[in-house]
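Structure assessment
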Amino acid sequence: MKRNIITCLLVLTGITLQAQTNRVSLTYQTQTNEVIEYAKNVGIFVSLPDVKTDNKTKKTTAAWHQTNMEWIKDYCEPNDFTIEKDFLKLFPEIADMSLDGQPYQPMSWRLTGENGETVLHCYLRMPADEVTNLWLTGEEACLLDRETGVQYRVRRTEPDTYRKHFDANAKKGDVIDMKVIFPPLPETTTEVAIYGIPNWGLMGATTTTIRHRYEGTVVYYDTIPQFHQPRLVLEHMSENKPYDRQNWNTWKVLDNAHLIKPLQDGTMALWRTPEATYVAVGHEQNWTTEYFFFDQDMMLVDELGNQYKLRETQGIPKDELFFMKGNSGDYVAFLLVFDPLPLSTSTVTCIVPDGEPFDAWGANWSGSVTPNISIQQLRENQRLFEYHPRVVVE
C-alpha cells in the first residue's frame, strides 16, 4: 500500500471546458448610474389585439386583452413613457424574427440593478398608436428569494400606473419601457421568482436565475456538486484501538469513493456558492487499498490575504489518516468544503501546512504553498469530476 500525503491540492489540466453553472449572485447596489443586468427574457408570445384605423387621421388604436382586473376601476393616461430605442440590441434574437404582419408578439422583460434599487423593465411593442385597457401591476408584485423565502415588495412603477388600468400613446412599432421598482437584493440572492405581472407571464411559476457583474465580467455562483459519498467499512483496519497515526492498524477503512475518468493526479475543481466553497481533488488509485490524509489546517487565501478555512471533508475523515478500498486503476475524487469565496475573487493560493511524520511506507508529511491558482480554470475543470462508473472486462 502506498500513497504520498497530499502536498498540494492542485495540478491544473490544460483542458478547457465550459463550466456547468446555473446559479448566480447579485449584490446590494450603491447609489450609482451604472446599470447591472441581472436577467432578461424574450418572454411569452401573445396574440395581438385587433387594430382599428381612423380613416381621417390614419391613427391606429387597439384595446389590450382582458387581464382579470375588472374590479379595479382606477384609470389613467400617463404621457411620460420611455421609448426603448435599443430593444433589438438588448434582444438580438428578436431581430431574426419577422414580427411585422404576424398575429403575435413577445412580451420581453429585463431585470436590472440601478441606483440602489432593483428594476423590472417590461417592454411592449406598440401594436397601434394608442393602446387602451393596459395593465402592468398592483400589490401582488414582488420578487421572492427562492432560497430564503424573503419577499421584496413593489415600491412604485414608472410611469405611475400602479394598480390602474391605463392607455399608452406612442408611434405604432415603438417599444415602450414600463418599470416596476423593487428594493435592492442582497449578495446571497441567487434565484428569484417574479410575481404580479400577468401580461408578461410573471406570476411566480418560473424561477429566474440572476447574474452579477464584476468589472465588466459576468460571474456566477455554482450549484452544490453532488458526489457519491464514501462508505465506512471498518472503524479500524485490524486493531480495535483508538486512532493512532503511528499505527496504521487503527486507521478507518472506507470504500465507494466518487469515481471519475482518468486525469492527472492532483487535479482540482472548484464550485462557489453563497454558503461555502467546494473543492474537488482527483487521484489515481495505485493499490486496491490506499491511504489518504487531509489536514484540518489546509486553507485557501485570496489576493487580499483573506483566509478561507477548511470546514469539512465530505464523507471522509478530516485530520486523520484513512484507507480507501477500490481497484488499482480507479480514479477517485474527494470533496472538501471551505469558507465561501467572494465572487470578485479571481485567484487563490492553496496552503497545506507541514505535519508530523508518521510510520508508513512512502509517507510524506511536507507542506506546500501553491500561489495564484486561477478560479476560472478551476471552474472549467468541473466537468472532469462527473461520476464515471467503473467498467471491468475479465
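Residues numbered from 1 in each chain as written. Predicted model: local features only at pLDDT ≥ 70, side-chain atom pairs only at ≥ 80, totals over all residues. Heavy atoms only, no water.

1. Some details on the overall build of the chain
We count it as follows: Per the convention used, a helix needs a DSSP run of H or I reaching at least four residues, while a strand needs a run of E reaching at least two, with both numbered from the N terminus. When accessible area is computed with a 1.4 Å probe and restricted to protein chains, residues below 20% of their type maximum are described as buried, those above 50% as exposed, and intermediate ones as partly exposed. Contacts are assigned to residue pairs that have any heavy atoms within 4.5 Å of one another. With residues, only the protein chains shown are counted as cover, and all accessible areas are computed by Shrake-Rupley using a 1.4 Å probe.
Within the chain one finds three helices and 29 strands. Going through the 394 residues of the chain one by one, you find that 51% of them count as buried. For the chain, the share of sequence-separated contacts (at least 6 apart) that also reach a separation of at least 24 residues comes to 77%. Total accessible area on the chain stands at roughly 18900 Å², and carbon and sulfur atoms take up 47% of it.

2. Examining the nonpolar core
To be explicit about the condition: Here the nonpolar core consists of buried residues drawn from Ala, Val, Leu, Ile, Met, Phe, Trp, Tyr and Cys, with membership extended through side-chain atoms lying within 4.5 Å.
By size, the foremost hydrophobic cluster in this structure holds 35 residues, and its most contacted members are Leu111, Leu120, Leu124, Val180, Ile197 and Trp200. Elements with a minimum of two residues in this core: strand 1 (35-47), strand 6 (104-114), strand 7 (117-125), strand 8 (130-135), strand 12 (165-169), strand 13 (175-182) and strand 14 (191-195). When residues no more than four places from it in sequence are discounted, the contact partners of Leu111 are Ile36, Glu37, Tyr38, Ala39, Thr118, Val119, Leu120, Leu143, Val192 and Ile210. By size, the runner-up hydrophobic cluster in this structure holds 27 residues, among which are Tyr308, Met324, Leu341 and Ile375.

3. Comments concerning the sheet that holds strand 26 (residues 322-325)
To keep things clear, this is the line we draw: Each pair of strands is called paired provided DSSP finds at least two bridges between the two strands. In this analysis an axis means a line fitted to C-alpha atoms, helices contributing only their contacting stretch, and an angle means the value between N-to-C directions, from 0 to 180 degrees.
Strand order in the open sheet formed by four strands is 18-19-26-23, and the pairing between neighbours is mixed. Looking at the sheet topology across the chains shown, the edges are occupied by strand 18 (231-234) and strand 23 (289-292). Within the sheet, the average angular offset between the axes of one strand and its neighbour, ignoring direction, is 40°. Of the pairings in the sheet, the one linking strand 23 to strand 26 comprises four bridges and is antiparallel in character.

4. What to know about the pattern of salt bridges
The cut-off we apply is this: Counted as salt bridges are all cases of a side-chain nitrogen of Lys or Arg within 4 Å of a carboxyl oxygen of Asp or Glu.
Scanning all chains against the criterion turns up 14 salt bridges. For Asp177, the salt bridge goes to Lys179, with nearest N and O atoms at 3.7 Å. Using a relative accessible area of 3% as the deciding quantity, one classes Asp177 as buried. Of the charged contacts in the structure, one is a salt bridge between Asp330 and Arg390, with a shortest N-O distance of 2.6 Å. In this pair, Asp330 is assigned in the loop between strand 26 and strand 27 (331-338) and Arg390 in the segment after helix 3 (375-380), connecting sequence segments 60 residues apart. Classification of Asp330 as buried rests on a relative accessible area of 7%. Judged by relative accessible area, Arg390 falls into the partly exposed class, the value being 40%.

5. What to know about the side chain of Ser108
Quick note on the threshold: N or O atoms within 3.5 Å of each other form a polar contact, as long as, within protein, one can give a hydrogen and the other can take it, and as long as residues adjacent in sequence are counted only when both atoms are side-chain atoms.
Counting through the fold element by element, Ser108 comes out in strand 6. Of the polar contacts made by the side chain of Ser108, one reaches the backbone oxygen of Val42; its length is 2.6 Å. Once you skip the residues sitting within four places of it in the chain, Ser108 turns out to touch Asn41, Val42, Gly43, Phe87, Phe91, Ile94, His121, Cys122, Tyr123 and Trp200.

6. Some remarks on the confidence of the model for the chain
Definition in use: What pLDDT conveys is the predictor's confidence in a given residue, as a value from 0 to 100.
Mean pLDDT over the chain works out to 86, with 88% of the residues at or above the 70 mark. In the predicted structure, residues 1-32 sits below a pLDDT of 50 and forms 139 contacts with residues beyond four places in sequence or in another chain.

7. Structural notes on the pairing of strand 6
Within strand 6, 10 of the 11 residues are buried, leaving the element largely enclosed by the surrounding structure. Relative to strand 6, strand 1 runs antiparallel, the two being bridged by 10 bridges. Bridge assignment links Asn41 to a residue of strand 6, and that residue is Trp109. Bridge count between strand 6 and strand 7: six bridges; the pairing is antiparallel. Pairing of Leu111 across the sheet is with Leu120, part of strand 7.

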